[in-house]
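These are the residues of each chain, in order.
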Amino acid sequence: MAAVAGPDQIVVRRVGELHGTVDVPGAKNSVLKLMAATLLADGRHTLTNVPAIVDVSIMAELLAAIGVPSSSDGPGRLVLTNDGDLVPVAPYELVERIRASINVLGPLLTRCGRVRLSMPGGDDFGARPIDMHIAGLEAMGATFKFSHGDLEATADRLHGADITFGFPSVGATENIVTAAVLADGVTTIDNAAREPEVVDLCEMLVAMGADIAGVGSSRLVVTGVERDALCAVEHRTVPDRIQAATYLAALGVSGGCLTIRDARAEHMSNLLARYTDMGLVIEQGDGELQAVAPERLRAIDVATLPYPGVATDYKPLVITMLSVADGVGIVTENLYPGRFRYVEELTRLGADVRTNGHHAVVRGVPRLSGAPVRAHDIRAGAAMVVAGLAAEGETVITGVHHIDRGYDDLVGRLNNVGASIERA
Ligand code: EPU
């Protein structure tokens, strides 16, 4: 009997090959930071290529509570109005729902001289400390006090500092860069994160009037400017490389041929090389990728690394692909201590995956077998959908609200290219 999808459920049935074109929306991990950056300058900011995802709505709520309301004036467009009257407080109810709320710390501190932020919690894949954000801002003159679950930071005016990260943290780089934009003097960040989303943020800040050298490199030099040197801008969000990778993974396990429009090959070159090793034939067109799936994927070994390495966010997709590939693949996680929880769900579908510390050994089986599974986080949720495409019968995925946080109409986009997937 066919399973009925509940409101927080997706039902996937394997139907075979996918054919057609998928448009990749703007990146969650960029747009949320671009939204936070509007705190720095008064005026009417417009972001385009904004994905229709729940995290954007939560960030919009947080910014509205701080004093920057927003509205949409067309598809994929978000207008944020900063009239300069800001309340530098990020309350628990909003912070606990979205990790990227930490990105208001740098802009609010440099703009208002103080901020009270409820401490962000961990994720299902482990604790996510913010010690590097704090140490960097302290080096710039901020003082932190922690009480009753809130972090309170104060600084008369932040000053430039030389900061070297022990690890190229995405969020810490973003917070320090945004704080340094209005600081007194020059801030250098060595071992800065170089992710395309960090570059996107820096490019928007430069368009707003910030002075940032070394954008895209691991050494950023930010020369502070006065507040009236910044202005509101219109900025297009960089396309989402993780979503592009998701549609390629769906193709890999289903067979067929897809055009992925608005995918930036240069932002995912290491992953595309690994996908090619697995047998996908991928050609780069003008702002798009054309990909053809092999008869069966081949197993490979993969290790996650900070950009330009293979991102940790791709890993659940890669493990899902390996679970139906020919051979044995070893996947090593180098960013998060415990990001393997979805493996239990994959094994429910018949995958042969063993984890040991930072490693997963995946022995490919010809086909998975549909069953009820749970999405534990955004990326694991997308991997469950891909696994459903590789499984005989029906796969019923619960915890779909996680997928909604970061995927703009995953169900509709897959249905458009021939998948059988539905949601109540
Ligand atoms: N870390 C620390 N101390 C810090 C900051 C980071 O120990 O002060 C550790 C983290 O605990 C983690 C590692 O460094 O083990 C990486 O953290 P990073 O700061 O680079 O990540 P993030 O900014 O918290 C962003 C994305 C994540 C993505 C990572 C790595 C956003 C909102 N989140 O997180 O995306 O996995 O970079 O690329 O941009 C997702 O989208 O599902 C997601 C989890």
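Our subject in this report is the structure included herewith. (Residues numbered from 1 in each chain as written. Predicted model: local features only at pLDDT ≥ 70, side-chain atom pairs only at ≥ 80, totals over all residues. Heavy atoms only, no water.)

1. A look at the layout of surface pockets
Here is step 1: Volume-wise, the largest pocket comes out at about 980 Å³.
Here is step 2: Of the residues in the lining of the largest pocket, the class split is 21 nonpolar, 6 polar and 17 charged.
Here is step 3: Lining the second largest pocket are 17 residues, and of these Arg14, Ser254, Gly255, Pro294 and Glu295 lie nearest its centre.
Here is step 4: It is helix α8 (residues 241-254) that contributes the most residues to the lining of the second largest pocket, 3 residues altogether.
Here is step 5: Counted by class, the lining of the second largest pocket contains 7 nonpolar, 5 polar and 5 charged residues. (1 Å grid on protein atoms, 1.4 Å probe; cavity = no way out; pocket = protein on both sides within 12 Å on 5 of 7 lines; lining within 4 Å. Points joined across faces, edges and corners; volume = space filled by probe spheres on them. Nonpolar A, V, L, I, M, F, W, Y, C, P; charged D, E, K, R; others polar. Helix = DSSP H or I, 4+ residues; strand = E, 2+ residues; numbered from the N terminus.)

2. With respect to empty space enclosed by the protein
Gaps between atoms show up when a probe of the same size as a water molecule is rolled over them.
Here is step 1: Inspection of the entire model under this criterion finds 2 cavities of 30 Å³ or more.
Here is step 2: In this structure, the largest cavity occupies an estimated 40 Å³ of space.
Here is step 3: If you trace the largest cavity, you find it lined by Arg241, His267, Met268, Ser269, Asn270, Leu271, Tyr307, Pro308, Gly309 and Tyr314.
Here is step 4: When the residues that make up the lining of the largest cavity are grouped by side-chain class, the tally is 5 nonpolar, 4 polar and 1 charged.

3. Describing the sheet that holds strand β11 (residues 186-190)
Here is step 1: Read across the open sheet, the 4 strands follow the order β10-β11-β13-β12; overall the sheet is mixed. Edge positions in the open sheet fall to β10 (162-164) and β12 (211-213), since each of these has one partner strand only. Within the sheet, the average angular offset between the axes of one strand and its neighbour, ignoring direction, is 15°.
Here is step 2: Alignment of β12 against strand β13 (residues 219-223), held across 3 bridges, turns out to be antiparallel. Across the sheet, the residue bridging to Asp211 is Thr223, located in β13. (Pairing = 2+ DSSP bridges. Axes fitted to C-alpha atoms, helices over the stretch in contact; angles between N-to-C directions.)

4. Regarding the site of the ligand
Here is step 1: Surrounding the ligand, one finds 23 residues, the nearest of these being Lys33, Asp131, Met132, Ser169 and Leu335.
Here is step 2: Between the ligand and the protein, one listed contact pairs an oxygen atom with a side-chain N or O atom of Asn29 at 3.0 Å.
Here is step 3: Arg379 is positioned such that a nitrogen or oxygen atom in its side chain is 2.8 Å from an oxygen atom of the ligand.
Here is step 4: Protein chains bury 90% of the 820 Å² of accessible surface belonging to the ligand in isolation.
Here is step 5: Looking at the shell around the ligand residue by residue, the class counts come to 10 nonpolar, 5 polar and 8 charged. (Near = heavy atom within 4 Å. Polar contact = N/O pair within 3.5 Å; in protein donor to acceptor, adjacent residues only side chain to side chain. Areas by Shrake-Rupley, 256 points an atom, 1.4 Å probe, with all protein chains shown as cover.)

5. As for the packing of aromatic side chains
Pairs of aromatic rings are described using the distance from one ring centre to the other and the angle between the two planes.
Here is step 1: Evaluated as defined, the whole model comprises 0 aromatic pairs.
Here is step 2: The ring of Phe340 carries Lys315 above its face, with NZ or CZ at 4.1 Å from the centroid. (Phe/Tyr/Trp six-rings, centres within 6.5 Å; stacked < 30°, edge-to-face > 60°. Lys NZ or Arg CZ within 6 Å of the ring centre and 35° of its normal.)

6. Focus: α8
Here is step 1: For α8, spanning 14 residues, the distance from its first C-alpha to its last is 20 Å, which sits close to the expected 20 Å at 1.5 Å a residue.
Here is step 2: Along α8, 14 of the 14 residues are buried, which leaves the element largely enclosed by surrounding structure.
Here is step 3: At the N-terminal end of α8, a side-chain oxygen is found 2.8 Å from the backbone nitrogen of Ile242, two or three residues along, and the residue is Asp240.
Here is step 4: Directly after α8, the chain includes Gly255, whose backbone phi takes a positive value near 90°. (Expected span 1.5 Å × (residues − 1). Buried < 20%, exposed > 50% of the residue type's maximum accessible area, 1.4 Å probe, protein only.)

7. Brief notes about the packing of helix α5 (residues 131-139) against helix α6 (residues 170-181)
Here is step 1: Following both chains from N to C, one finds α5 and α6 inclined at 25°, their axes separated by 8 Å at the closest point. Taken together, the axes of α5 and α6 lie roughly parallel to each other. The handedness of the crossing between α5 and α6 comes out as right-handed. In this structure, α5 contributes Met132, His133, Gly136 and Leu137 to the contact, and α6 contributes Gly171, Ala172, Asn175, Ile176 and Ala179. (Parallel < 35°, antiparallel > 145°, perpendicular 65-115°, else oblique. Left-handed = near helix turned anticlockwise from the far one by under 90°. Contact = heavy atoms within 4.5 Å.)

8. Observations regarding the pattern of salt bridges
Here is step 1: Within the structure shown, the criterion is met by 22 salt bridges.
Here is step 2: The salt bridge partner of Arg13 is Glu394, with a shortest N-O separation of 2.7 Å. Of this pair, Arg13 sits in strand β1 (residues 9-13) while Glu394 sits in strand β25 (residues 394-398), placing them 381 residues apart in sequence.
Here is step 3: For Arg13, a relative accessible area of 22% corresponds to the partly exposed category.
Here is step 4: Salt bridges linked by common partners bring Arg13, Glu394 and Glu422 together as one network. (Salt bridge = Lys/Arg side-chain N within 4 Å of Asp/Glu carboxyl O.)

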